[in-house]
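A closer look at the structure
Listed below are the residues making up each chain.
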Amino acid sequence: MSVDLPKVGFISLGCPKATVDSERILTQLRAEGYVITPDYEDANLVVVNTCGFIDEAVTESLDAIGEALAENGKVIVTGCLGARSALILENYPEVLAVTGPDALSEVMTAIHQHLPPQHDPYLDLVPPGGIKLTPRHYAYLKIAEGCNQTCSFCIIPSMRGRLVSRPMDDILEEASKLVSAGVNELLVVSQDTAAYGVDSKYRLDFWQGRPMKRQITELARQLGLLNAWVRLHYVYPYPHVDQLVELMAEGYILPYLDVPLQHASPRILKAMRRPADSENMLRRIAQWRELCPDLTLRSTFIVGFPGETEDDFQQLLRFIEAAQLDRVGAFAYSAVTGARANLLPDPLPEALKEERLARFMEVQRHISAAKLQARIGQIIEVVIDEETDEGLYARSASEAPEIDGLVVVQVPPGSGVMPGDFLEVEITQADDHDLYAIPA
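The structure contained in this document is the topic of the report that follows. (Residues numbered from 1 in each chain as written. Predicted model: local features only at pLDDT ≥ 70, side-chain atom pairs only at ≥ 80, totals over all residues. Heavy atoms only, no water.)

Focus: the environment of Q364
On the secondary structure map, Q364 appears in helix α12 (residues 350-373). Distance from Q364 to D326, taken between C-alpha atoms, is 9.0 Å for residues 38 residues apart in sequence. Once residues within four sequence positions are removed from consideration, Q364 is found in contact with I320, L325, D326 and V328. (Helix = DSSP H or I, 4+ residues; strand = E, 2+ residues; numbered from the N terminus. Contact = heavy atoms within 4.5 Å.)

Right, here's the structure in full:
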């Protein structure tokens, strides 16, 4: 006898940490027999996982909620913007329920209330690694929720709370299942990855009968024993990051360090409530590169912060010239509702912020282009992400998915190379952002 299974539409917005939240909800939905549908008209209700970090993200999230209501009529809202439920209900009082981020049980309770599950033992199937929104060969691995930092431009702690680290055995169990299911790259994320375990005072966990400290270097070492690439994101530059770089040099994890530095002017860094010793940061970068010569350094910066003078901005330009970072993202400062930085004096005009952003990116463009040109002739290992008419889109240890450039590999038709495969290639060309290669 056929069963009319309940169908849920799902919209996922925001950062990789939000993606992990979405994947957990989707996995639970499939485990309980729900069908996930991409069509509004086919869905019995729609879940929207929102972002609320900057004003543009708030607008995108509100627009997505409005569209889902107009197209379907039954909407449950979750995610970071859900922490500001009054704003959502003011705009859309007809939504069925609103929850905050990392709220699996609350979301499922709301879904059960408005669309009860109907189990069918022949159809309640979940892949071994759970439902993923990424390609099959890589996955985000969230190791903690929340943040203890007090950066003046950020409202994440007010949305996601203070740092709560997951038990190490839970993380390693999830990572093992992902690798067994075919994942060959684990992207480790949290709001402050290097702080993992601080909230528990590095308590002892047990994995496969062995005691180990709940601490980022121990976790990285254990993840490095799995048969997969391990890439760390959002690493605040604590002193113990040096130990992570040593693990990179030893081959446990990829030699890729994503450290959001935000600025270089001590005065602006102090206003941001960030580490304010840029000279020491340059010394640490040099030390990291000495420890691990293959290290790829990525960072993000904010230009046009309130009170930023031309001298402050020139200090930032001199810093990136000296640091010679491999990968850089930059943003013009955007006032986020509820952030302390909004109260700072001397906000900059939008035109000046955009002009400085363009100048910053032009300096970094030359640095990036020179670094990529220097890689011509190298033979490297890449993982294939996608087959296109242009060639195989791939990445090496130096490129994280979705945020860095690509390695475009030219292969003859019928090569048999598939997404997720590893391949040795020789770099033959480079432009400002991407590399071009042929099989070695």
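Once you've had a look at it, read on.
Describing the packing of aromatic side chains
Counting across every chain of the model gives 5 aromatic pairs. One aromatic cluster is present, built from ring pairs that chain together F301, F319 and F360. Lying across the ring of Y252, R221 places its NZ or CZ 5.1 Å from the centre. It is R231 that lies over the ring of Y256; its NZ or CZ is 4.6 Å from the centre. (Phe/Tyr/Trp six-rings, centres within 6.5 Å; stacked < 30°, edge-to-face > 60°. Lys NZ or Arg CZ within 6 Å of the ring centre and 35° of its normal.)

Remarks on the pattern of salt bridges
The tally for this structure, following the rule as stated, stands at 26 salt bridges. Notably, a salt bridge pairs D205 with R214, separated by 2.8 Å at the nearest N-O pair. Here D205 and R214 have matching classes, each one buried. Three or more residues are tied together by salt bridges with common partners; here these are E308, E310, E355, R356 and R359. (Salt bridge = Lys/Arg side-chain N within 4 Å of Asp/Glu carboxyl O. Buried < 20%, exposed > 50% of the residue type's maximum accessible area, 1.4 Å probe, protein only.)

Concerning the layout of surface pockets
Looking at the second largest pocket, its volume works out to about 610 Å³. Of the residues assigned to the lining of the second largest pocket, the class counts are 10 nonpolar, 5 polar and 8 charged. (1 Å grid on protein atoms, 1.4 Å probe; cavity = no way out; pocket = protein on both sides within 12 Å on 5 of 7 lines; lining within 4 Å. Points joined across faces, edges and corners; volume = space filled by probe spheres on them. Nonpolar A, V, L, I, M, F, W, Y, C, P; charged D, E, K, R; others polar.)

Here we look at the sheet that holds strand β1 (residues 7-12)
Taken together, 5 strands build an open sheet; the order of strands is β2-β1-β3-β4-β5 and the sheet is parallel. Two strands bound the open sheet, and with one partner strand each, they are β2 (35-37) and β5 (97-98). The pairing of β1 with strand β3 (residues 45-50) spans 5 bridges and is classified as parallel. Of the residues in β3, the one forming a bridge with I11 is V48. Contacts from helix α1 (residues 16-31) reach β1, β2, β3 and β4 (75-79) within the one sheet, and its direction differs from that of β1 by about 175 degrees. Contacts from helix α4 (residues 104-114) reach β3, β4 and β5 within the one sheet, and its direction differs from that of β4 by about 175 degrees. (Pairing = 2+ DSSP bridges. Axes fitted to C-alpha atoms, helices over the stretch in contact; angles between N-to-C directions.)

Quick word on the nonpolar core
One finds L219, L223, L257, W288, F301, F319 and F360 to be the most contacted residues of the largest nonpolar core, which totals 60 residues. Ignoring anything within four residues of it in the chain, the contact list for L219 reads I143, M168, I171, L172 and Y196. Listed in part, the 18 residues of the second largest apolar core include V46, L81, I88 and V95. (Core = buried A, V, L, I, M, F, W, Y, C linked by side-chain atoms within 4.5 Å.)

Description of helix α10 (residues 278-291)
Spanning 14 residues, α10 covers 20 Å between terminal C-alpha atoms, matching the ideal 20 Å at 1.5 Å per step. Buried residues of α10: S278, M281, L282, R284, I285 and W288, and no others. Buried residues along α10 cover an arc of 160 degrees about the axis, so they all sit on one side. Of the exposed residues in α10, those oriented more than 90 degrees away from the buried face are R283 and E290. With a side-chain oxygen lying 3.4 Å from the backbone nitrogen of E279, the N-terminal cap of α10 falls on D277. (Expected span 1.5 Å × (residues − 1). Arc of directions from axis to C-beta. Polar contact = N/O pair within 3.5 Å; in protein donor to acceptor, adjacent residues only side chain to side chain.)

Things to note about the side chain of R298
Inspection of the secondary structure puts R298 in strand β14 (residues 296-303). Within the structure, the side chain of R298 is placed 2.9 Å from the side chain of D404, a separation counted as a polar contact. Setting aside chain neighbours within four positions, we find R298 in contact with Y256, L257, D258, V259, R327, G329, I403 and D404.

Observations regarding unusual backbone geometry
In this structure, R273 takes a positive phi of about 65 degrees despite not being glycine. With relative accessibility at 42%, the residue R273 sits in the partly exposed group.

Considerations on the packing of helix α8 (residues 241-249) against α10
Two elements in contact, α8 and α10, have axes whose closest approach is 9 Å; the angle formed by their N-to-C orientations is 25 degrees. One finds that α8 runs roughly parallel with respect to α10. Crossing hand, α8 versus α10: right-handed. Contact residues: α8 offers V241, D242, V245, E246 and A249, while α10 offers R284, Q287, W288 and L291. Of the residues in the contact of α8 with α10, the class split is 5 nonpolar, 1 polar and 3 charged. (Parallel < 35°, antiparallel > 145°, perpendicular 65-115°, else oblique. Left-handed = near helix turned anticlockwise from the far one by under 90°.)

Section: a negative patch on the surface
On the surface, D39, E41, E60, D63, E67 and E71 cluster together to form a negatively charged patch. With respect to the helices and strands, D63 occurs in helix α2 (residues 55-71). (Patch = residues over 30% accessible without salt bridge, like charges linked within 9 Å, V, L, I, M, F, W, Y side chains within 5 Å. Areas by Shrake-Rupley, 256 points an atom, 1.4 Å probe, with all protein chains shown as cover. Lys, Arg positive; Asp, Glu negative; His and termini not counted. Charge placed at Lys NZ, Arg CZ, Asp CG, Glu CD.)

Re the sheet that holds strand β16 (residues 379-387)
An order of β16-β17-β18-β20-β19 is seen for the 5 strands of this closed barrel, with the pairing classed as mixed. Averaged over neighbouring strand pairs, the angle between their axes works out to 50 degrees when direction is ignored. Here strand β17 (residues 392-395) runs beside strand β18 (residues 407-409); their pairing, made up of 3 bridges, is antiparallel. When the sheet's bridge partners are listed, A394 is paired in β18 with V407.

A short note on the side chain of R166
Relative to the elements of secondary structure, R166 occurs in the loop between β8 (164-165) and α6 (168-180). R166 sits in the buried class, given a relative accessible area of 18%. Here D170 takes part through its backbone oxygen, which lies 3.5 Å from a polar atom of the side chain of R166. Contacts of R166, omitting those with residues within four sequence positions, involve R24, K142, I143, A144, I171, E174, Y196 and R214.

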